[in-house]
Amino acid sequence: MDSIEKLIAIEAIKVVKAKYFRFVDTKDWEGLRAIFTPDAQLEVPEARTGPAGIDQSLIFFEQALEGAVSVHFGHMPEIEIESENHARAIWPMDDRIYWPPERASILGYAHLRGFGHYHETYERLDGEWKIKTMRLTRLRLVTQTPPRAVD
C-alpha cells in the first residue's frame, strides 16, 4: 500500500471505532455486531471470562448496560497498517457508566469511571474494515456501589 492508501485505511478504522463507541452508548446491538468479524474475540476485564466470541460478548454488554447511561471516549489512536487487509491499533480510552438507583448493574455498581486502552486488530473483509480482536486493559477503575439502607 502506498502512503495515501494507508491514510485512507487509517481514517476508515477511526470511523469503525467511532461507530463502536456510538453503538455501545446507544445500545444498537445489531450495529455493534456488524462492525466485528464473524470470528471476533473480545476481552473486557469486567466480564471476568477472558477472551470471548462476539455473540457471547454482546450478551454481556446487553445485560451489563441494561437501564444504564454510558459515555465512551477514544483518544489519539496509534494505528499501524500491517498489510492491505490487516491492521492493529491502541486507543486510549475513558468511559463512564451510570445505572439508575433502582437497578444496580450486574457488576454491583451504581457508577463506573474507567481509564485505559483498547488493544485491537482489524481485518478488511469485502472492502470494509472490521474489528477482529479487542482487549480492554484498565489503568484505573473508579466505582461507586449503590446506596443501601442502614438499620
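### Focus on the packing of aromatic side chains
Inference 1: Across all of its chains, the model carries five aromatic pairs by this definition.
Inference 2: Relative to Tyr118, the ring of Tyr20 lies with its centre 5.5 Å away and its plane at 75°, an arrangement referred to as edge-to-face. With Tyr20 in helix 1 (residues 3-26) and Tyr118 in strand 6 (residues 111-125), this pair connects stretches of sequence that are 98 residues apart. When sorted by exposure, Tyr20 lands in the same class as Tyr118, which is buried.
Inference 3: Clustering of aromatic rings is evident, with ring pairs tying together Tyr20, Phe21, Phe36 and Tyr118.
Inference 4: Geometry around Tyr20 places Lys17 over its ring, the cationic atom sitting 4.0 Å from the centre.

### Regarding helix 3 (residues 54-65)
Inference 1: Its twelve residues give helix 3 an end-to-end C-alpha distance of 16 Å, which sits within 8% of 16 Å, the value for a rise of 1.5 Å per residue.
Inference 2: Every buried residue of helix 3 is listed here: Ile54, Ser57, Leu58, Phe60, Phe61, Ala64 and Leu65. Down the axis of helix 3, the buried side of the element spans an arc of 160°, and every buried residue falls inside it.
Inference 3: Gly67 sits one or two residues past helix 3 and shows a positive phi near 80°.

### Considerations on the nonpolar core
Inference 1: In terms of nonpolar packing, the biggest core is built from 40 residues, with Tyr20, Leu32, Phe36, Phe61, Tyr122 and Met134 touching the most fellow members.
Inference 2: For this core, the elements supplying multiple residues, two or more each, are helix 1, helix 2 (29-34), strand 1 (36-43), helix 3, strand 4 (78-83), strand 5 (86-98), strand 6 and strand 7 (128-144).
Inference 3: It is helix 1 that provides the largest number of residues to this core, a total of eight residues.

### Regarding the pairing of strand 6
As a general feature of sheets, a regular strand has side chains that alternate between the two faces.
Inference 1: Relative to strand 6, strand 5 runs antiparallel, the two being bridged by 13 bridges. Bridge pairing links Asp95 to Gly114 in strand 6.
Inference 2: Connecting strand 6 to the antiparallel partner strand 7 that follows it, the hairpin turn spans two residues, and Asp126 within it adopts a positive phi of roughly 50°.

### What to know about the environment of Thr133
Inference 1: Structurally, Thr133 can be placed in strand 7.
Inference 2: Distance in space between the C-alpha atoms of Thr133 and Lys27 is 20 Å, their sequence separation being 106 residues.
Inference 3: Those residues in contact with Thr133 that sit more than four places away from it in its chain are Gln41, His119, Glu120 and Thr121.
Inference 4: For Thr133, the side chain forms a polar contact with the side chain of Thr121, separated by 2.5 Å.

### Quick word on the pattern of salt bridges
Inference 1: What the rule picks out here adds up to eleven salt bridges.
Inference 2: The closest approach of N and O atoms between Lys14 and Glu11, which form a salt bridge, is 3.1 Å. Residue Lys14 and its partner Glu11 are both found in helix 1; the two are separated by three residues, about one turn of the helix.
Inference 3: Close ionic contact of Asp39 with Lys132 constitutes a salt bridge, the shortest N to O distance being 2.7 Å. Here Asp39 is found in strand 1, whereas its partner Lys132 is found in strand 7, with 93 residues between them in sequence.
Inference 4: With relative accessibility at 44%, the residue Asp39 sits in the partly exposed group.
Inference 5: Via salt bridges that share partners, Asp39, Glu123 and Lys132 belong to a single interconnected network.

What counts, and where the lines are drawn
- Residues numbered from 1 in each chain as written.
- Predicted model: local features only at pLDDT ≥ 70, side-chain atom pairs only at ≥ 80, totals over all residues.
- Heavy atoms only, no water.
- Phe/Tyr/Trp six-rings, centres within 6.5 Å; stacked < 30°, edge-to-face > 60°.
- Helix = DSSP H or I, 4+ residues; strand = E, 2+ residues; numbered from the N terminus.
- Buried < 20%, exposed > 50% of the residue type's maximum accessible area, 1.4 Å probe, protein only.
- Lys NZ or Arg CZ within 6 Å of the ring centre and 35° of its normal.
- Expected span 1.5 Å × (residues − 1).
- Arc of directions from axis to C-beta.
- Core = buried A, V, L, I, M, F, W, Y, C linked by side-chain atoms within 4.5 Å.
- Pairing = 2+ DSSP bridges.
- Contact = heavy atoms within 4.5 Å.
- Polar contact = N/O pair within 3.5 Å; in protein donor to acceptor, adjacent residues only side chain to side chain.
- Salt bridge = Lys/Arg side-chain N within 4 Å of Asp/Glu carboxyl O.

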